[in-house]
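Given next are the chains, with one letter for each unit.
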Amino acid sequence: MNWFESSLQVFEWIGTIAFALAGAMVAVEKRTDLFGVIFLAITTAMGGGIVRDILLGYFPARFFTNDTCLLLSLFSALVIFLTARCCRNYYRKNKIIVEKINQVFDALGLGAFAVSGTQMGIEAGYGDNAVFVIFLGMTTAVGGGIIRDLLLGEIPFVLRKHIYAVAAISGSCICYLIYCSELSLLTGMAVGLTLTFLLRMCAIRFEWNLPKAF
Amino acid sequence: MNWFESSLQVFEWIGTIAFALAGAMVAVEKRTDLFGVIFLAITTAMGGGIVRDILLGYFPARFFTNDTCLLLSLFSALVIFLTARCCRNYYRKNKIIVEKINQVFDALGLGAFAVSGTQMGIEAGYGDNAVFVIFLGMTTAVGGGIIRDLLLGEIPFVLRKHIYAVAAISGSCICYLIYCSELSLLTGMAVGLTLTFLLRMCAIRFEWNLPKAF
Amino acid sequence: MNWFESSLQVFEWIGTIAFALAGAMVAVEKRTDLFGVIFLAITTAMGGGIVRDILLGYFPARFFTNDTCLLLSLFSALVIFLTARCCRNYYRKNKIIVEKINQVFDALGLGAFAVSGTQMGIEAGYGDNAVFVIFLGMTTAVGGGIIRDLLLGEIPFVLRKHIYAVAAISGSCICYLIYCSELSLLTGMAVGLTLTFLLRMCAIRFEWNLPKAF
C-alpha cells in the first residue's frame, strides 16, 4: 500500500472510530449490556460499509478481511463503556453535553463515510455512473445508523433529523464533482467531509428544516 | 430493445409509479419533510427490486443502471408532495378518500411487481425452480413496502393486511403457470397483475380474512 | 452425497425445525393469521441462512435450491398452528409452559445454526479467517430471529436476552477451535451445539447477566 492509498484509508478509519463512538454512546444511553454496546458500536460503524460492499458485489465484504476497522470499533466501544461506567454520575447529570459530543462524532462519521463510499464506487469502476456513486456515498454514510436505530426500535435518524442524509449527499456530490474536474480525489474527499460536517453542525445549531407538505 | 422487451418493461414502470405514489402518500400522512417523502417513495418503489437483484446476484442492482425508474419515482414523489401542499385543506378533510386512492395504487404496484419479479426470475434462467421464481415475485412485490414500514416504525403491511402477500403469490403463480403452459409470458403477466389487483381489492371491499389460531 | 456430508446437513435440519417451531410460536402468541404464522416461521428458520449466503456471495442463496428446509419450515409452522387451534384453551392458560418450550427450541436452533454457519464458512475456504468464520456462525444463528423481531416491531432478542449472541459466538468459537486442532469438524459441531444450548439454558435458569454501564 503506497502513500496515496494510505491517505484514502484514513477517511475510513475516521468514520469507523467516530461512528463506533456515537453508536456506543446511543447504546449506553439505552441501557443495553456490555454485549449490546459492542454490538451496536460495530453495527453503526460497519453496517454502512457492509451494505455498500454487497451493492458493489464484493464477497466477502471487505470489512471482514480488514481487521483494523473491527478492532477500532471494538476499542472505541470499550472506551465509551468504561468511561460511562467510571463517570456514571457525571454522565447521567450532563445528558446535554453527552448528546452534543455524540452529535459531533456522528457528523464526523457521516462526512467521512460519505466521501469514503463515493471513492470506493469510483475505484470500483463506476466513475461514469453519478447516480450510483452518490447513492453509494449516501448508503455508506447513513446505512449503519439506520440499522442501529431499527435494532433499537426507533425511527431512523435519516427520517427524524433535519438535513441528515441531505448533508451526506451534498458531501458525496462535491467529492464526485471535484474528482470529475480532474482535481485530486483526495482534495475532493477532504472538501466533501468538511462540507457534510459543517452542514450537519449548522443544521443542528440553526435548526434548519426542509419544508413539509402540511 | 425490441417491441417484446419494451412490453415487459412497462410492468416495471407501472409498479414503480404506483408504489412511489403510494409510498409518498404514506410519508405525507406521517408528516415527514420533503426529503422523507422522496426517500420513502424511492424506497417503496425500488426496495423490492433491489432485494430481488441481490438474491439473483446482479451487481450493481439493475435499478442503478436504469435511471428511468429512479426519475419516475422522484417525479411521483414530487407530484404527491406538491398536490398535498396545494390542497392541504382538502387532503386533511378527506382522509378516507386519500386512503382509498392509496390502496388502489398499492394494489396496482403489488400486481405489477409480482409479475415483473416472476418474469426476471424466469429470464435469469431459473424457469425450472418454481419455488425460487415465485419467491422472487413475492419479494419484489412486498419488499419495498416492508422496508418503508420498518423505517416508519410500523408492523409491515404484509403482517397487518389480510390477503396481501397471498395476493402477490397468487399473481406470481398464475403468471408462472401460464408461462409453463407454453403461452406467451406477456399474457401470463397481464393475467397475474389483474388477478393480484382484483384479489387485493376484493379483500379490502369484503374484508376477507385468513383464519387465526385463536 | 456421502455419509459425512449427510451428517453435516443434519445440523441444518435441526436448526431449521427448531427455529421454525419457535418462530411459529411467537407468531401465534402475537395473534397473526395463518399466513403470518407460516411467513414468520420461514423467516425465523431461513433468514439467518439467507443472510449468510449473501455474505458468502452464493447466488441464489442455497436455501432456494434446497426444498427440504423450506418444506420442514412449512410443516413445522402448520404443526404449531393446528396444535394451537385445537388446544386453544390449554394454550392460553399455560403461557409459562408454552414460553419454556419455545425457549428450548430457540436454544437448540441457536446452537445448530451457530455451528452450521461456522462449518459453511470453513467449507467455503475461509478457514484461515477466524473473525469472518465466527461472524458467519453468529449471523446464521441470530439473523433469522432479528428479522422476525423487527417485522413484529420488537427490540430483537439479541439485545434483550442475556447471553444470547454470546452463547452463539461461544459455540462457533469452540467448533472452530476443534476444527483447527485437526480433530473432526463433526466433533466440533456437536460440542459447539451442546455448549451453546447449555449456556443459553443456564443463562435463563440462573438469570446470568452481562454488566451494564450504569
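Residues numbered from 1 in each chain as written. Chains lettered and ligands numbered in written order. Predicted model: local features only at pLDDT ≥ 70, side-chain atom pairs only at ≥ 80, totals over all residues. Heavy atoms only, no water.

Participant: I'd like a description of a nonpolar patch on the surface, backed by residues and values.
Facilitator: Side chains of Leu71, Leu74, Leu78 and Leu82 of chain A sit close together on the surface and give an oily, nonpolar patch of about 340 Å² of accessible area. The topology assignment puts Leu74 of chain A in helix H3 (residues 67-86). (Patch = residues over 30% accessible without salt bridge, like charges linked within 9 Å, V, L, I, M, F, W, Y side chains within 5 Å. Areas by Shrake-Rupley, 256 points an atom, 1.4 Å probe, with all protein chains shown as cover. Salt bridge = Lys/Arg side-chain N within 4 Å of Asp/Glu carboxyl O. Helix = DSSP H or I, 4+ residues; strand = E, 2+ residues; numbered from the N terminus.)

Participant: Give a description of the interface of chain C and chain A that names residues and reports values.
Facilitator: As a measure of interface size, the accessible area lost when the parts come together is often cited. In this complex, chain C contributes 25 residues to the contact, which on the side of chain A involves 27 residues. Between chain C and chain A, a total of about 2400 Å² is buried, with carbon and sulfur atoms accounting for 75% of that surface. Taken as a group, Leu159, Ala213 and Phe214 of chain C account for 32% of the area that chain C buries against chain A, more than any other trio of residues on that side. For the interface between chain C and chain A, the tally reads zero salt bridges. Remark: the boundary between chain C and chain A carries three residue pairs in polar contact (both at pLDDT 80 or more). Within the residue set of the side of chain C that touches chain A, elements represented by two or more residues are helix H2 (34-56), helix H6 (130-151), helix H7 (157-160) and helix H8 (165-180) of chain C. Looking at which element gives the most residues to the side of chain C that touches chain A, the answer is H6 of chain C, with six residues. In the side of chain C that touches chain A, the residues fall into 22 nonpolar, two polar and one charged. (Contact = heavy atoms within 4.5 Å. Buried area = accessible area lost by both parts, 1.4 Å probe. Polar contact = N/O pair within 3.5 Å; in protein donor to acceptor, adjacent residues only side chain to side chain. Nonpolar A, V, L, I, M, F, W, Y, C, P; charged D, E, K, R; others polar.)

Participant: Quick one: what's the story with the side chain of Asp106 of chain C, residue by residue and with numbers?
Facilitator: Residue and element names in this part refer to chain C. Here Asp106 lies in helix H5 (residues 95-126). Here Asp106 is buried and forms no salt bridge, its nearest opposite-charge partner Arg200 lying at an N-O distance of 4.6 Å. In terms of polar contacts, Asp106 uses its side chain to reach the side chain of Tyr164, at 2.8 Å. The contacts of Asp106, once residues within four sequence positions are left out, are Phe19, Ala22, Phe157 and Tyr164. (Buried < 20%, exposed > 50% of the residue type's maximum accessible area, 1.4 Å probe, protein only. Lys, Arg positive; Asp, Glu negative; His and termini not counted.)

Participant: Run through the interface of chain B and chain C, naming residues and quoting values.
Facilitator: Taken together, the 25 residues of chain B in the interface contact 27 residues of chain C. Carbon and sulfur atoms supply 75% of the area buried between chain B and chain C, which totals about 2400 Å² over both sides. It is Leu159, Ala213 and Phe214 of chain B that lose the most area in chain B upon contact with chain C, and together they represent 32% of the buried surface on that side. Counting across the interface, chain B meets chain C through zero salt bridges. There are three residue pairs in polar contact (both at pLDDT 80 or more) connecting chain B and chain C. Elements that contribute at least two residues to the side of chain B that touches chain C include exactly helix H2 (34-56), helix H6 (130-151), helix H7 (157-160) and helix H8 (165-180) of chain B. A per-element tally of the side of chain B that touches chain C places H6 of chain B first, with six residues. A per-class count over the side of chain B that touches chain C returns 22 nonpolar, two polar and one charged.

Participant: Explain the layout of surface pockets residue by residue, including any values.
Facilitator: Residues and elements named next belong to chain A. Looking at the second largest pocket, its volume works out to about 350 Å³. Val26, Glu29, Glu99, Asn102 and Phe157 are the residues nearest the centre of the second largest pocket, which is lined by 19 residues in total. Those elements that provide at least two residues to the lining of the second largest pocket are helix H1 (3-29), helix H5 (95-126), helix H6 (130-151), helix H7 (157-160) and helix H9 (185-205). Within the lining of the second largest pocket, the residues separate by chemical class into six nonpolar, two polar and 11 charged. (1 Å grid on protein atoms, 1.4 Å probe; cavity = no way out; pocket = protein on both sides within 12 Å on 5 of 7 lines; lining within 4 Å. Points joined across faces, edges and corners; volume = space filled by probe spheres on them.)

The values are spatial; any link to function lies outside them.
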